[in-house]
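Understanding the architecture of this molecule
What follows is the residue order along each chain.
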Amino acid sequence: SNLYIMVLLELVAAADVPTNDWSSTFFGYLGVATALVFANLGAAYGTAKSGVGICSMGVLKPDLIMKSIVPVVMAGVLGIYGLIIAVILNQKIDPANYHFATGYAHLASGLCCGLSSLGAGLAIGIVGDAGVRANAQQEQVFVGMILILIFAEALGLYGLIVAIILSQQKSFLQLFHKQTFVSKK
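What comes next is a walk through the structure. Note that the structure is a prediction, hence the values are computed from the model and not measured.

1. Observations concerning the side chain of D129
Topologically, D129 is positioned in helix α4 (residues 100–137). Residue classification places D129 among the buried positions, given a relative accessible area of 11%. Filtering out sequence-adjacent residues up to four positions away, D129 remains in contact with K49, S50, V52 and G53.

2. Here we look at the packing of helix α3 (residues 70–92) against helix α5 (residues 141–167)
Look at α3 against α5: their axes get within 10 Å of each other, and the N-to-C directions meet at 0°. Taken together, the axis directions place α3 and α5 in an arrangement best described as roughly parallel. Contacts from V70, P71, M74, A75, V77, L78, Y81, I84, I85, I88, L89 and K92 of α3 reach α5 at I146, L149, I150, E153, G156, L157, L160, A163, I164 and S167. For the contact of α3 with α5, the class distribution of residues is 18 nonpolar, 2 polar and 2 charged.

3. A short note on a nonpolar patch on the surface
Taken together, the side chains of L155, L157, Y158, I161 and I165 make up a nonpolar region of the molecular surface, amounting to roughly 470 Å² of accessible area. Considering the arrangement of structural elements, one finds I165 in helix α5. The partly exposed category is assigned to I165, whose relative accessible area is 48%.

4. Here's the deal with the packing of aromatic side chains
By the definition in use, this model includes 3 aromatic pairs. Centre to centre, the rings of F27 and Y104 are 4.9 Å apart; their planes meet at 70°, and the pair counts as edge-to-face. Taken as a pair, F27 in helix α2 (residues 26–60) and Y104 in helix α4 lie far apart in primary sequence, 77 residues in all. The class for F27 is partly exposed, based on a relative accessible area of 23%. Between F100 and Y104, the aromatic rings sit 6.4 Å apart at their centres with planes inclined by 40°, giving tilted as the arrangement. Remark: Y104 and F100 occur in helix α4; sequence separation between them is 4 residues, near one turn of the helix. Residue F100 is classed as partly exposed on the basis of its relative accessible area of 25%. Ring pairing ties together the aromatic residues F26, F27, F100 and Y104, which thus form one cluster. One Lys or Arg, K67, reaches over the ring of F142 and ends 4.5 Å from the middle of that ring.

What counts, and at which threshold
- Residues numbered from 1 in each chain as written.
- Predicted model: local features only at pLDDT ≥ 70, side-chain atom pairs only at ≥ 80, totals over all residues.
- Heavy atoms only, no water.
- Helix = DSSP H or I, 4+ residues; strand = E, 2+ residues; numbered from the N terminus.
- Buried < 20%, exposed > 50% of the residue type's maximum accessible area, 1.4 Å probe, protein only.
- Contact = heavy atoms within 4.5 Å.
- Axes fitted to C-alpha atoms, helices over the stretch in contact; angles between N-to-C directions.
- Parallel < 35°, antiparallel > 145°, perpendicular 65-115°, else oblique.
- Nonpolar A, V, L, I, M, F, W, Y, C, P; charged D, E, K, R; others polar.
- Patch = residues over 30% accessible without salt bridge, like charges linked within 9 Å, V, L, I, M, F, W, Y side chains within 5 Å.
- Areas by Shrake-Rupley, 256 points an atom, 1.4 Å probe, with all protein chains shown as cover.
- Salt bridge = Lys/Arg side-chain N within 4 Å of Asp/Glu carboxyl O.
- Phe/Tyr/Trp six-rings, centres within 6.5 Å; stacked < 30°, edge-to-face > 60°.
- Lys NZ or Arg CZ within 6 Å of the ring centre and 35° of its normal.

Given below as structure tokens:
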């Protein structure tokens, strides 16, 4: 039974040896791109949608423009999340010693951060647009708008945290190779 498991693990480990070509790094670089692109899409949408509301509100109440910049700042932070993950992933890609399993983890990391930030940007844009317009009519709405924006921003932050955890994962097969070579010596 134990021999069968060891043979099976050895076969699986042999299938995921690091390669010296660029094919194994495709998924890692795809993770870099998806983190940055989707996070920036969320940031751009949140900024544009909130900006439209600020411009519309600013015509009637120009004194509230600076107070209404909060959604734009919060949307901009989403792009920074994507940049952080893209830099972390890019530093971990080594074509000479890169497993496909690590590439898949890096792709998952990029998608997690990017798509979470995209969703957060959509929420921030919609709430920011409606919130600043409502704030121009009733200033007591401001605190409620800020709370909703904080919870929308938290979605992007959750994606960032999980993406950092995924980016730090070592492939089980890499660990298995190290234990196998150490035990054989």
